[in-house]
Amino acid sequence: MIHFVGAGSGAADLITVRGAKLLEEADVIIYAGSLVNPALLEYAHEGCEIHNSAHMTLEEVIEVMKAAEAAGKMTVRLHTGDPSLYGAHREQMDLLDEEGIAYDVVPGVSSFCGAAAALKAEYTLPNVSQSVIITRMEGRTPVPDGEKLRSMASHGCTMVLFLSTSLLEQAQEELLAGAYEPDTPAAIVYKATWPDEKVFPCTVGTLAETAREAGVKNTALITIGGFLGGAYDRSRLYDPAFTHMFRKGTDE
Ligand code: SAH
């Protein structure tokens, strides 16, 4: 059996209890060495075989899984954050299907959640934004035509950019060609939840300059939108006047 496990966004104690237990039981661990906190490997038992996928191809990863399976061993494939975002685990699962090898998925704390915690911010504020766009600037990996940053930016809602810190000159132009203004608040969150986490508050107009001055090139998220500002409405859920399934309000 193969378990795809979300490692969480950085801090080793942000892995789920289920994920940690599987790491303790694993005979083989394949971890994404570029972003997974190596402290998580301390869960591994003596004799556990450990591979860093940063140096491996998809085919090599599958070979390790196949060999483990043939030997009756349990494998944990440890992905950074949550595997469902830019995790490339679909292509692994499809090849495992072809081999008839069983697997399951354990979710993790994605870095976009870690970034919100670092910012002590709420992405979905009433009367500010009720949607979060998670996307990236087009780089060596293309982005489908309908999802170019400029068109995504036309909504003006909360946005979190993955994998884009080295492309901020272009990203900034695209964002400004959408609905954001040069003074729309933004923040660069470097290594969210890691011990060396850093937050760089800025605006859409100063994104590229801020990253350049801070020397931040990777392992960062770009968060954008009015949620970083001061104005919002109170929630209806906790409004004394509002009635809902679990509470009678003064409007009844
Ligand atoms: N599956 C991961 C994302 C993998 S893509 C997740 O759910 O978080 C890798 C990109 O994620 C990095 O280039 C960076 O943009 C972002 N990232 C991952 N960990 C991060 C962290 N702790 N802080 C800020 N950005 C991070």
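**Some thoughts on the packing of aromatic side chains**
Then step 1. This model, assessed by the stated rule, comprises four aromatic pairs.
Then step 2. Centre to centre, the rings of Phe112 and Tyr123 are 6.2 Å apart; their planes meet at 25 degrees, and the pair counts as stacked. Here Phe112, found in helix 4 (residues 111-119), pairs with Tyr123, found in the loop between helix 4 and strand 6 (132-136); they are eleven residues apart in sequence, far enough to count as distant. Of the two residues, Phe112 and Tyr123, both sit in the buried class.
Then step 3. Taken together, the ring pairs connect Phe112, Tyr123 and Phe227 into an aromatic cluster.

**Re the site of the ligand**
Then step 1. The local shell around the ligand holds 18 residues, among which Ser9, Leu85, Ser111, Ala192 and Ala220 are the closest.
Then step 2. Within the backbone of Thr80, an N or O atom sits 2.9 Å from a nitrogen atom of the ligand.
Then step 3. Measuring from a nitrogen atom of the ligand, one finds a backbone N or O atom of Asp82 at 2.9 Å.
Then step 4. Of the pockets mapped on this structure, the ligand occupies the largest pocket.
Then step 5. Of the residues that constitute the shell around the ligand, the class distribution is ten nonpolar, six polar and two charged.

**Focus on the nonpolar core**
Then step 1. One finds Met159, Leu161, Leu175, Ile188 and Ile224 to be the most contacted residues of the largest nonpolar core, which totals 24 residues.
Then step 2. Among the elements of the structure, helix 5 (149-152), strand 7 (158-162), helix 6 (168-177), strand 8 (185-190), strand 9 (198-203), helix 7 (207-214) and strand 10 (220-224) are those that each provide at least two residues to this core.
Then step 3. With residues up to four places along the chain from it excluded, the contact list for Ile188 reads Leu168, Lys198, Val199, Phe200, Cys202, Leu207, Thr210, Ala211, Val216, Ala220, Leu221 and Ile222.
Then step 4. Within the second largest apolar cluster, 19 residues are counted, among which are Val5, Leu22, Ala32 and Met74.

**Some thoughts on the sheet that holds strand 6**
Then step 1. Judged by pairing direction, the sheet is mixed, and its five strands sit side by side in the order 6-7-10-8-9 without closing on themselves. If you trace the sheet from one side to the other, it starts and ends with strand 6 and strand 9, each paired once. Pairwise comparison of adjacent strand axes, ignoring direction, gives a mean angle of 20 degrees for this sheet.
Then step 2. Sheet analysis places strand 8 next to strand 10, joined by five bridges and oriented antiparallel. Each residue of the ladder has a partner; that of Tyr190, found in strand 10, is Ala220.
Then step 3. Most of the contacts of helix 7 go to strand 9, to which it runs at about 150 degrees, and overall it touches strand 8, strand 9 and strand 10.

**Looking at the sheet that holds strand 5 (residues 103-106)**
Then step 1. Across the sheet, five strands lie side by side as 3-2-4-1-5; this open sheet has parallel pairing. Each having just a single partner strand, strand 3 (49-52) and strand 5 make up the two edges of the open sheet. Across this sheet, the average inter-strand angle for adjacent strands is 15 degrees, counted without regard to direction.
Then step 2. Summarising the sheet, strand 2 (residues 28-31) and strand 3 pair through four bridges and their orientation is parallel.

**So, the layout of surface pockets**
Then step 1. Approximately 1,000 Å³ is the volume found for the largest pocket.
Then step 2. As for the largest pocket, its lining consists of 40 residues, of which Ser34, Leu35, Thr80, Tyr86 and Leu163 are closest to the centre.
Then step 3. Secondary structure elements with two or more residues in the lining of the largest pocket: helix 2 (58-70), strand 4 (75-79), helix 3 (90-99) and strand 10.
Then step 4. Class assignment of the residues belonging to the lining of the largest pocket gives a composition of 17 nonpolar, 17 polar and six charged.

Rules used throughout
- Residues numbered from 1 in each chain as written.
- Predicted model: local features only at pLDDT ≥ 70, side-chain atom pairs only at ≥ 80, totals over all residues.
- Heavy atoms only, no water.
- Phe/Tyr/Trp six-rings, centres within 6.5 Å; stacked < 30°, edge-to-face > 60°.
- Helix = DSSP H or I, 4+ residues; strand = E, 2+ residues; numbered from the N terminus.
- Buried < 20%, exposed > 50% of the residue type's maximum accessible area, 1.4 Å probe, protein only.
- Near = heavy atom within 4 Å.
- Polar contact = N/O pair within 3.5 Å; in protein donor to acceptor, adjacent residues only side chain to side chain.
- 1 Å grid on protein atoms, 1.4 Å probe; cavity = no way out; pocket = protein on both sides within 12 Å on 5 of 7 lines; lining within 4 Å.
- Sits in = over half its atoms within 2 Å of the grid points.
- Nonpolar A, V, L, I, M, F, W, Y, C, P; charged D, E, K, R; others polar.
- Core = buried A, V, L, I, M, F, W, Y, C linked by side-chain atoms within 4.5 Å.
- Contact = heavy atoms within 4.5 Å.
- Pairing = 2+ DSSP bridges.
- Axes fitted to C-alpha atoms, helices over the stretch in contact; angles between N-to-C directions.
- Points joined across faces, edges and corners; volume = space filled by probe spheres on them.

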